[in-house]
Amino acid sequence: MPSRANSSVYDRLGVPTIINAHTTATRLSGGIMRTEVADAMREATQWNVDMATLEARASELIAGHTGAEAGYVTAGAAAGLLLGTAACVTGLDPALMNRLPDTSGLKNEVVVPRSHRNFYDHAVRAAGVTLVEVGLSDRFAGAGVRDTEAWEIAAAITPNTAAVLYVAGPEARPPLAEVVAVAHAAGVPVLVDAAAQLPPAANLKRFIAEGADLVCYSGGKAIGGPQASGILCGRRDLVMAAALQHLDQDIHWEQWNPPASLFDKTRIPGLPHHGIGRPAKVGKEAVVGLLTALDLFVAEGDEVRLARWTAAMEALAVGMQGVRHASVTLVHDRRRPAIPTVHLALDEVAAGMTALDLIRRLQDGVPSVHANPSRVHEGLVLFSPVALRPGDESVIAERVRSVLG
Ligand SMILES: *Cc1c(COP(=O)(O)O)cnc(C)c1O
């Protein structure tokens, strides 16, 4: 296959590069890292630091960006869900940390609105808890207009409830503030999965401001950090509990001299051993990469980012203009107002192929182009700007033309 510029390491490995017009999907290797972030990561690998000191500095910087008391760099939003749940179960008790995922006799239930269930909540269950689904989301069936309501969450909270899980999104119900109110009335923390809720950058502060106790974000999506990075932020005691179950603590108590911005040594009787978060280890280069990307994400700002993405999608729409059997539109989606996408509506009968066929042919060609298949049942093929390299638009348009004629 023809090699694409700058793909030399993949050429050497014999692995073809792809064009990712889907999103920063994990299976498609996330997105394209800014060179500033990659350079910072390379530099980070050439020195050693104490990981607790590095994470403590990360805590201060993440606190500044989010308004939370403390923050932590995780191996992804899903890792943040695992660590956050573990923190809600154990609090600052190192004996309980050592016991996980055995939660017998502990607070070991997490209440979640039924409409918030998704496959990432496996990370919550991995801490040893059971999910308690609440409500009947009949607005999705078209049979009704309601979703889970806050009083139903209140009714499901028992002495066994470790946390309430809330998956943030433009259509998430009930409103987070209402969930926080009933959970806090019962003394239960709220853990928010905000993995993909950036941009807008204001969402870095929003969920904490609405009262969430812990919030996790993906670092490998729009922030543009390492593919396997994320943020957990929130209450100081809970972030400390998460950090204790994640960092390597193979050290004598007497020599453990942790930075005060992340740890309060007076609050624990001893150090737990490797915790439940250990398999989701984070390297120094990932911490540095995430922090660098976070600064750049905030500094660029929503307007400049939107203009950059819109320009890429306009170029793609222009490139596909007049393509046979399809109409092409640039859409500012109601659900994802901050990310413009190109919708190709295929006349499946005239084209003699379905939207899924088109996606497969784009995927199977050279270079392989990956579009978003989530609406193929409507005859729609979606293209996102978030993970594109400059110049990808014209290659995609050419491939679509060659498939549709
Ligand atoms: C992407 C995503 C995750 C996982 O994020 P990672 O950073 O890849 O671990 C979790 N929850 C939701 C809702 C997501 O969209």
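## A word on the domain arrangement of the protein chain
Point 1. Domains assigned within the protein chain are domain 1 (9–30 + 301–404) and domain 2 (35–299).
Point 2. Just the C-alpha atoms count here: the centres of domain 1 and domain 2 sit 32 Å apart.
Point 3. At the interface, 14 residues of domain 1 touch 14 residues of domain 2.
Point 4. Each partner contributes to the roughly 1000 Å² buried at the junction of domain 1 and domain 2, and carbon and sulfur atoms together form 47% of this total.
Point 5. On the surface where domain 1 and domain 2 come into contact, there are zero salt bridges.

## A closer look at the sheet that holds strand β8 (residues 230–234)
What holds strands together in a sheet is hydrogen bonding between their backbones, with the strands either parallel or antiparallel.
Point 1. Reading across the sheet, the seven strands line up as β2-β8-β7-β6-β5-β3-β4 and stay open at both edges, with mixed pairing between neighbours. At either end of the open sheet lies a strand with only one pairing partner, and these are β2 (70–74) and β4 (130–134). The sheet shows a mean angle of 25° between the axes of neighbouring strands, direction not considered.
Point 2. Pairing of β2 with β8, which is carried by five bridges, proceeds in the antiparallel orientation. When the sheet's bridge partners are listed, Ala-70 is paired in β8 with Gly-234.
Point 3. Those strands touched by helix α4 (residues 77–90) are β2, β3 (109–113), β5 (161–167), β6 (190–193), β7 (214–218) and β8, and its axis lies near 165° from that of β7.
Point 4. In the packing of helix α10 (residues 236–244) onto the sheet, contacts are made with β2, β7 and β8, and the angle to β2 comes to roughly 25°.

## Let's talk about the nonpolar core
Point 1. Val-164, Val-190, Val-192, Phe-207, Val-215 and Tyr-217 are the most contacted members of the largest nonpolar core, which has 49 residues in total.
Point 2. If you tally residues by element for this core, the top one is helix α11 (residues 284–320), at eight residues.
Point 3. Looking at which domains feed residues into this core, each of domain 1 (9–30 + 301–404) and domain 2 (35–299) supplies at least three.
Point 4. Core analysis: the next-biggest nonpolar cluster, separate from the first, contains 47 residues, Ala-127, Leu-191, Leu-232 and Met-240 among them.

## Regarding the pattern of salt bridges
Point 1. One pass over the full model with this rule turns up 17 salt bridges.
Point 2. Of the charged contacts in the structure, one is a salt bridge between Arg-99 and Asp-102, with a shortest N-O distance of 3.8 Å.
Point 3. The network of salt bridges with common partners includes Arg-34, Glu-300, Asp-302, Arg-305 and Arg-308.

What counts and what doesn't
- Residues numbered from 1 in each chain as written.
- Predicted model: local features only at pLDDT ≥ 70, side-chain atom pairs only at ≥ 80, totals over all residues.
- Heavy atoms only, no water.
- Domains from an automatic or database assignment.
- Contact = heavy atoms within 4.5 Å.
- Buried area = accessible area lost by both parts, 1.4 Å probe.
- Salt bridge = Lys/Arg side-chain N within 4 Å of Asp/Glu carboxyl O.
- Pairing = 2+ DSSP bridges.
- Helix = DSSP H or I, 4+ residues; strand = E, 2+ residues; numbered from the N terminus.
- Axes fitted to C-alpha atoms, helices over the stretch in contact; angles between N-to-C directions.
- Core = buried A, V, L, I, M, F, W, Y, C linked by side-chain atoms within 4.5 Å.
- Buried < 20%, exposed > 50% of the residue type's maximum accessible area, 1.4 Å probe, protein only.

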